[in-house]
Amino acid sequence: MTDTEQHLIDLSADYTKIRMKDVRPSHGFDHVQRVLENAKRIAAAEKDADIFIVTAAALLHDIARNEEDMSSGKICHAERGAALALDFLLSHGLESGRAGHISRCILTHRFRKNNAPDTIEAKILFDADKLDSIGAIGIGRAFLFAGEVGALLHNPDIQP
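Values in this document were obtained by computation on a predicted structure and should not be read as measured data.

Basis of the calculations
Residues numbered from 1 in each chain as written. Predicted model: local features only at pLDDT ≥ 70, side-chain atom pairs only at ≥ 80, totals over all residues. Heavy atoms only, no water. Helix = DSSP H or I, 4+ residues; strand = E, 2+ residues; numbered from the N terminus. Expected span 1.5 Å × (residues − 1). Buried < 20%, exposed > 50% of the residue type's maximum accessible area, 1.4 Å probe, protein only. Contact = heavy atoms within 4.5 Å. Axes fitted to C-alpha atoms, helices over the stretch in contact; angles between N-to-C directions. Parallel < 35°, antiparallel > 145°, perpendicular 65-115°, else oblique. Left-handed = near helix turned anticlockwise from the far one by under 90°. Nonpolar A, V, L, I, M, F, W, Y, C, P; charged D, E, K, R; others polar. Phe/Tyr/Trp six-rings, centres within 6.5 Å; stacked < 30°, edge-to-face > 60°. Salt bridge = Lys/Arg side-chain N within 4 Å of Asp/Glu carboxyl O.

Caption draft 1: Geometry of helix α5 (residues 77-91). In this model, α5 (15 residues) spans 20 Å end to end at C-alpha, consistent with the 21 Å of a helix rising 1.5 Å per residue. Listing the buried residues of α5 in full gives H77, A78, G81, A82, L84, A85, F88 and L89. Buried residues in α5 make contact with α1 (3-19), α3 (51-60), α4 (65-70) and α6 (96-108).

Caption draft 2: Structural detail: the packing of helix α2 (residues 29-46) against α3. In the contact formed by α2 and α3, the axes pass within 8 Å of each other and the chain directions differ by 160°. When the axes of α2 and α3 are compared, the pair comes out roughly antiparallel. Crossing angle aside, the handedness with which α2 passes α3 is right-handed. Contact residues: V32, V35, L36, A39, K40 and A43 in α2; I51, V54, T55, A58 and L59 in α3. Of the residues belonging to the contact of α2 with α3, the class tally is nine nonpolar, one polar and one charged.

Caption draft 3: Focus on the packing of aromatic side chains. All told, the structure shown has one aromatic pair when counted by the stated rule. Ring geometry for Y15 and F88: centres 4.3 Å apart, planes at 5°, overall stacked. Taken together, the residues span a long stretch of sequence, with Y15 in helix α1 and F88 in helix α5 at a distance of 73 residues. We note that Y15, like F88, is buried.

Caption draft 4: Region of interest: the pattern of salt bridges. Tallied over the full model, the rule gives twelve salt bridges. Residue D50 pairs with R98 through a salt bridge whose shortest N-O separation is 2.9 Å. Pair noted here: D50 is in the loop between α2 and α3 and R98 is in helix α6, with a separation of 48 residues, a long-range link. Residue classification places D50 among the partly exposed residues on the basis of a relative accessible area of 26%. Here R110 ties to E68 by a salt bridge, and the two come within 2.9 Å at their closest N and O atoms. Placement of R110 in the loop between α6 and α7 (120-131) and of E68 in helix α4 is noted, with a sequence separation of 42 residues between them. A single network of salt bridges, built from pairs that share partners, joins E5, D50 and R98.

Caption draft 5: Inspection of α1 at higher detail. For α1, built from 17 residues, the straight-helix expectation of 24 Å at 1.5 Å per residue is met to within 8% by its first-to-last C-alpha distance of 24 Å. Here α1 has its buried residues at E5, L8, I9, S12, A13, Y15 and T16. The elements touched by buried residues of α1 are α2, α3, α5 and α6.

Caption draft 6: Expanded view of the environment of P117. Within the secondary structure, P117 sits in the loop between α6 and α7. For P117, a relative accessible area of 14% translates into the label buried. Along the sequence, P117 and R104 sit 13 residues apart, while their C-alpha atoms lie 8.1 Å from each other. Residues in contact with P117, not counting those within four places in the same chain, are T108, F111, A122, K123 and F126.

None of the figures reported here should be taken as evidence of function without further support.
Take a look at the structure:
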């Protein structure tokens, strides 16, 4: 990574911390840090991935999470975050093609039916984010999230 890219990564980390200061704990900055580490490991194994794109996308992928939470899901954090990240990156001088690539990775990290990840970097971010939803950390996050939104652990009206 060049010095300019590293500077932009540092700015992105600071921006993400500010944007996420009021996010529910199940999707806090510690989640971003785990996704970042997962993404770096996957990118190193893939060899063809642009580590700057992967790192920036991982850092910025949940910057609109609080807006989604505050809107009770009416705002999609992936869509809003992609737009915010694009504006942020362009305002700090990143070339539009690379900024757009990072934005597209963020847009597709939540893929369900539409907006499938279509580059190696987007696929890495998608996988890295999903890896943080499984295993012991994932189970803990699932219970934490359920408590945050008032979900029932068991619904007595439904026969198991």
